[in-house]
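# Breakdown of the fold
Now for the letters of each chain:
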Amino acid sequence: MKISVITVTFNALDSLRETLNSVAAQNHENVEYIVVDGGSTDGTVEFLEAHSMTVTRFISEPDRGIYDAMNKGISLATGDILNFLNCGDVYYDNGVLKRIASEFENNKSDIVCCDFIVNLNGRLYFRQARPRFDKAYQRMPTNHQAMFYRRTIFHLKQYDTTYLLLADYDHILHIITKTNASISIAPYPAVIYLLGGVSDVNRVRAHLEGFHISVKHYGWFKGVIGRGPRLFAVWLKKLLIDIFLLEKQSNTIRVFLYGRKNRLCSRLDCTKQSSRRP
């Protein structure tokens, strides 16, 4: 089973190196690696040209944002399964893609959601995928990088580029509410996610988009109940940080926003925690 891994990047060469090395280390034999660069000027193109053994295809041209770049990657992909691995993010271990291929071969799921780990300044926090897809109006079932899609899913809908930060959330809610696609949980961590992406830095705007998307797919009642309190909490925390300059506490607050189930862990501990599902 062929897996297409798509990375979008712009002037992030150091982070891209880590991500590319993680893809190159996978022991699954049939991997297509696509990089969509937004026209970087930091040596990214030369780096990609030098790693043609790992990079199956890349383009470097201006785009209209992250999700426009992801849509370009989708159009270039030829794999049976698609995954989006952002710059600075890495796979949990070398066997992730092989396990994912087995998941799709052994069941009929259209999307597989895995656990993931947050990397906050070198400290790892384990997060479990949420099996209650009927509660998706509250938040994503899992981290976007920990989601693996059959390519045919994107025949139904690609990413809506009117959303700058959470088009992936809009996409999965569309799949859940408007299609008969099947989604399953794979109980192990797939990626180590480097905190600090655009949706982490722009927390208030991200939650505003999340609120709008939740209302769009579930109506005002569930939208307000599911996203309203969190939007207010994020806005209030940002206000306090801005007023009192609580720089030392800002990272702790951001980790807290991922929910009460965060657990500081080593890589080994994260694997054990993933197997202890409620």
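Look up a bit, the structure's there.
In short, a report on the structure. Counting restarts for each chain: residues are numbered from 1 in the order of the written sequence. Since the coordinates come from a predicted model, pLDDT governs what is reported: local features require at least 70, and pairs of side-chain atoms require 80 or more to be given and counted, while whole-chain, interface and lining totals use all residues. The basis for every side-chain value is the complete set of heavy atoms in the structure, and neither hydrogens nor water enter the calculation.

### Brief notes about the overall build of the chain
- The helix count covers DSSP runs of H or I at least four residues long, the strand count covers runs of E at least two residues long, and both are numbered beginning at the N terminus. Looking only at helices and strands, one finds 11 helices and 10 strands in the chain.
- Buried means the residue's accessible area, taken with a 1.4 Å probe over protein chains only, is under 20% of the maximum for its type, while exposed means over 50%, and partly exposed covers the values in between. The 278 residues of the chain split such that 53% are buried.
- Residue-level accessible areas treat just the shown protein chains as cover; the underlying method is Shrake-Rupley with a 1.4 Å probe. For the chain, the computed accessible surface area is about 13100 Å², with 55% contributed by carbon and sulfur atoms.

### Observations regarding the pairing of strand β4 (residues 81-84)
- Side chains I81 and N83 of β4 all project onto a buried face; the interleaved residues L82 and F84 project onto the opposite face, where all are buried too.
- Paired strands, in this sense, are two strands between which DSSP finds at least two bridges. In this sheet, β4 lies alongside strand β1 (residues 3-9) in parallel orientation, the contact comprising 4 bridges. Within the sheet, the bridge partner assigned to S4 lies in β4 and is L82.
- Of the strand pairs in this sheet, β4 and strand β8 (residues 147-150) are connected by 3 bridges, and their pairing is antiparallel. Residue L82 lies in a different strand from β8, and its bridge partner there is Y149.

### Some details on unusual backbone geometry
- Positive phi is not limited to glycine here, since N11 has a value of about 50°.
- Structurally, N11 is set in the loop between β1 and α1 (13-24).
- Of note in the backbone geometry, N121 takes a positive phi value of approximately 55° without being a glycine.

### Let's talk about the packing of aromatic side chains
- Two rings belonging to Phe, Tyr or Trp (six-membered ring only in the last case) form a pair when the distance between their centres is within 6.5 Å. Interplanar angles under 30 degrees mark stacking, angles over 60 mark edge-to-face geometry, and anything in between is tilted. One pass over the full model with this rule turns up 7 aromatic pairs.
- An angle of 75° between the planes, with centres 5.6 Å apart, marks the rings of F84 and Y159 as edge-to-face. Placement of F84 in strand β4 and of Y159 in the loop between α5 (153-156) and α6 (167-178) is noted, with a sequence separation of 75 residues between them.
- What makes F84 buried here is its relative accessible area of 0%.
- Accessibility expressed as a relative area gives 4% for Y159, which makes it buried.

### Considering the nonpolar core
- Counting 39 residues, the largest nonpolar core has V5, Y33, Y91, V96, I100, C114 and F148 as the members making the most contacts within it.
- Residue contacts are defined here by distance: any two heavy atoms, one from each residue, within 4.5 Å place the two residues in contact. Beyond its immediate stretch of four places on either side in the chain, V5 contacts V23, V31, E32, Y33, I34, N83, L85, Y91 and L97. We call a set of buried residues a nonpolar core when its members are Ala, Val, Leu, Ile, Met, Phe, Trp, Tyr or Cys and they connect through side-chain atoms within 4.5 Å of each other.

### Comments concerning α1
- Here the expected span of a helix is defined as 1.5 Å times the quantity of residues minus one. Between its terminal C-alpha atoms α1 stretches 16 Å, which fits the 16 Å expected from 12 residues at 1.5 Å a residue.
- What α1 keeps buried is the set L13, L16, T19, L20, S22 and V23.
- Contacts made by the buried residues of α1 are with β1, β2 (31-37), α2 (44-50) and β5 (90-91).

### Here's the deal with the pattern of salt bridges
- Think of a salt bridge as a Lys or Arg side-chain nitrogen and an Asp or Glu carboxyl oxygen that are within 4 Å of each other. The full count for this structure, using the stated rule, is 8 salt bridges.
- Between D14 and R17 there is a salt bridge, with its nearest N and O atoms 2.9 Å apart. One end of the pair is D14 and the other is R17, both in helix α1 and 3 residues apart, which spans about a single turn.
- A relative accessible area of 57% places D14 in the exposed class.
- Residues joined by salt bridges that share partners form a network here, namely K157, D160, D170 and K216.

### Describing helix α4 (residues 96-106)
- Regarding α4, the residues found buried are V96, L97, I100, A101, E103 and F104. One side of α4 holds all its buried residues, which, seen down the axis, span an arc of 155°. The directions considered for the arc run from the helix axis to the C-beta atoms.

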